[in-house]
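# Tertiary structure, described
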Amino acid sequence: MPRQLMSGDEALAQGAIDAGLSGAYAYPGTPSTEITEYILHSAGTRDGLPIARWTANEKTALEAALGMSYAGRRAMASMKHVGLNVAADPFLNMAISGVQGGLLVNVADDPSMHSSQNEQDSRHYADFALVPCAEPSDAQEAYEIPRQAFALSERLRLPVLVRLTTRLAHGRSLVQLGTPLPPTDLGPSSDRERFVLLPSNARKSYARLVALQAELEAESEQHPLNRLDDRGDPSLGIIACGVAHSYLLEAADGETLHPTLKIGFYPPPRLAIARLAARCRTLLLLEEGYPFLESRVGGLLPRKDLEIRGRLTGHLPRTGELSADLVAAALGRRETASRPPSSVPRPRPPALCPGCPHADTCRALSAALSDYPAARVFSDIGCYTLGALPPFSALDTCIVMGASITMARGASDAGVHPAVAVLGDSTFAHSGMTGLLDCINDRANVTILLLDNETVAMTGGQPSAAMGRLSAICRGLGVLAENLHTIVPHPSQHERNVELLRCILRTPGPSVVIAERECLQTAKRRPGAGEAA
């Protein structure tokens, strides 16, 4: 079979296709977006299988994947780490109900917060849900994991969490492809009770999940992603998890300096960890993300005289990504690499594209609010969040998807006026509609700006779930016709937009303004189309 240069996201996607995948569902979020993008553009998908769909949010993606699994087909849902927070409800409960066809939950964590609000380690979710977790160390393992994980998922009737991190998701290496398998079809489950989580059924299913933990631990001890190499100087033992093992190989120039346990499958292999600890006086924990395993190793071992080093002890930074240099410094092979301050380039902050419609909306909003020094603008997740930076400085908050409307509503209840919410069309479909419904039900004095650029621009131009239907959705939720307005964010419309916004800010109750203008980047990519007006 051929070898291809692939990113970790692409390798995982191709591995799933070659493992008999029937359905892939996702909400775009960096660094996970390219998993589903790859499947959407694959030859097999163009022929009708596997099915690939963008969804309104991560929860709906995971529930759709569970539905396909229920029908006996292999399925997966993909998201970034904060997306798993949105999908946590079905994720935790599907561990109890179990699955039918193999089900993978692909989660791409973003240490160092390159494009995220937090650093979050999804291994905690797998531990919380009592389900297995696979963590590749390179693109080759990312390709191989779906075949192994689908089979395990169907054997144990459990979902499997596949954890990627930014460097692995986007880094490229050669991948040896295998022989594709045909899509599987196990048919719907004949055990109807386990998918009906009434307390009487859920208690039995939860007992089964707890009983499976011994089998998962046994699986971990012999899993090919967990390997103990006991060569090298035993004064130090190394546990390297996922992509941290690749950093170790680079830092050690490919040598085996110390006995090393590579871990890529969880729950942690207790016996392998104990064997390593029996040989070594000190253990160094290398893991991308939280000190997930470091905080547990002491409790897994009977020895109390063992020194454990890692992120918690200061031998590695507590925050941010690892690197080969950081690992080398922890091994004492060289100092952490850094450039002299004079040669470090000044970082260039991100900025809205020249001519972006969001910039015109920010200018109009700032002008309309100039008479209200106590006003607050609650923003959301999207390109427009850059309006919080100079030269606009137009936004006051950005917490999680969908929080703009609900925070504005709470601030309004506390007496803030005007309380303005700003969010995009995709974010509104993702988790903003319920907040608008609350405002309507309570007649909250909130002004809501929906920025409709006709795409999910921040992640590359995927289709918005609410495209062309924002006005109808708002009317359906109960926004009065006289409180629903549309503007075109463009310099030629600036004065008109400012006056309209000033009028709306004086109107009691919830009002919605839809700013409609296509994203310049998607307009440029459209065949035969020029830039948006």
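Residues numbered from 1 in each chain as written. Predicted model: local features only at pLDDT ≥ 70, side-chain atom pairs only at ≥ 80, totals over all residues. Heavy atoms only, no water.

## Quick word on helix α17 (residues 403-413)
Every buried residue of α17 is accounted for by A403, S404, I405, A408, A411 and S412. Of the surrounding secondary structure, the elements contacted by the buried residues of α17 are β15 (376-378), β16 (419-424), α18 (425-442) and β17 (446-452). Directly beyond the C-terminal end of α17, a positive phi value near 105° is found at G415. (Buried < 20%, exposed > 50% of the residue type's maximum accessible area, 1.4 Å probe, protein only. Helix = DSSP H or I, 4+ residues; strand = E, 2+ residues; numbered from the N terminus. Contact = heavy atoms within 4.5 Å.)

## What to know about the sheet that holds strand β7 (residues 160-165)
The sheet built from seven strands is open, its strands ordered β3-β2-β4-β5-β7-β6-β12 with mixed pairing. Strand pairing shows two members of the sheet lacking a second neighbour, β3 (51-54) and β12 (265-266), which therefore form its edges. Sheet topology note: the strand β6 (residues 133-134)/β7 ladder contains two bridges and is parallel. Within β7, the position partnered with A134 by the bridge is V162. (Pairing = 2+ DSSP bridges.)

## Section: the side chain of E294
Looking at the secondary structure, you find E294 in helix α14 (residues 294-300). Here E294 sits buried without a salt bridge, and the closest side chain of opposite charge, R311, lies 6.4 Å off (N-O distance). Setting aside its immediate chain neighbours within four residues, E294 contacts L285, E287, I308, R309, G310, R311, L312 and T313. (Lys, Arg positive; Asp, Glu negative; His and termini not counted. Salt bridge = Lys/Arg side-chain N within 4 Å of Asp/Glu carboxyl O.)

## A short note on the environment of L174
Structurally, the position occupied by L174 is in strand β8 (residues 172-176). Taking the C-alpha atoms as reference points, L174 and Q4, 170 residues apart in sequence, are found 5.4 Å from one another.

## Looking at the packing of α18 against helix α19 (residues 470-477)
Where α18 contacts α19, the two axes come as close as 10 Å, and the packing angle between them is 25°. When the interaxial angle is binned, α18 and α19 end up roughly parallel. With respect to the hand of their crossing, α18 and α19 are arranged in right-handed fashion. Contacts between α18 and α19 pair D425, F428, M433, L436, L437 and I440 from the former with L470, I473, C474 and L477 from the latter. Per-class residue counts for the contact of α18 with α19 are nine nonpolar, no polar and one charged. (Axes fitted to C-alpha atoms, helices over the stretch in contact; angles between N-to-C directions. Parallel < 35°, antiparallel > 145°, perpendicular 65-115°, else oblique. Left-handed = near helix turned anticlockwise from the far one by under 90°. Nonpolar A, V, L, I, M, F, W, Y, C, P; charged D, E, K, R; others polar.)

## Brief notes about the pattern of salt bridges
Scanning the model with the defined rule gives 28 salt bridges in all. Across the salt bridge formed by R517 and D360, the nearest N and O atoms sit 3.2 Å from each other. Here R517, found in the loop between β19 (511-516) and α21 (520-525), pairs with D360, found in helix α16 (residues 357-368); they are 157 residues apart in sequence, far enough to count as distant. Here R517 and D360 have matching classes, each one buried.

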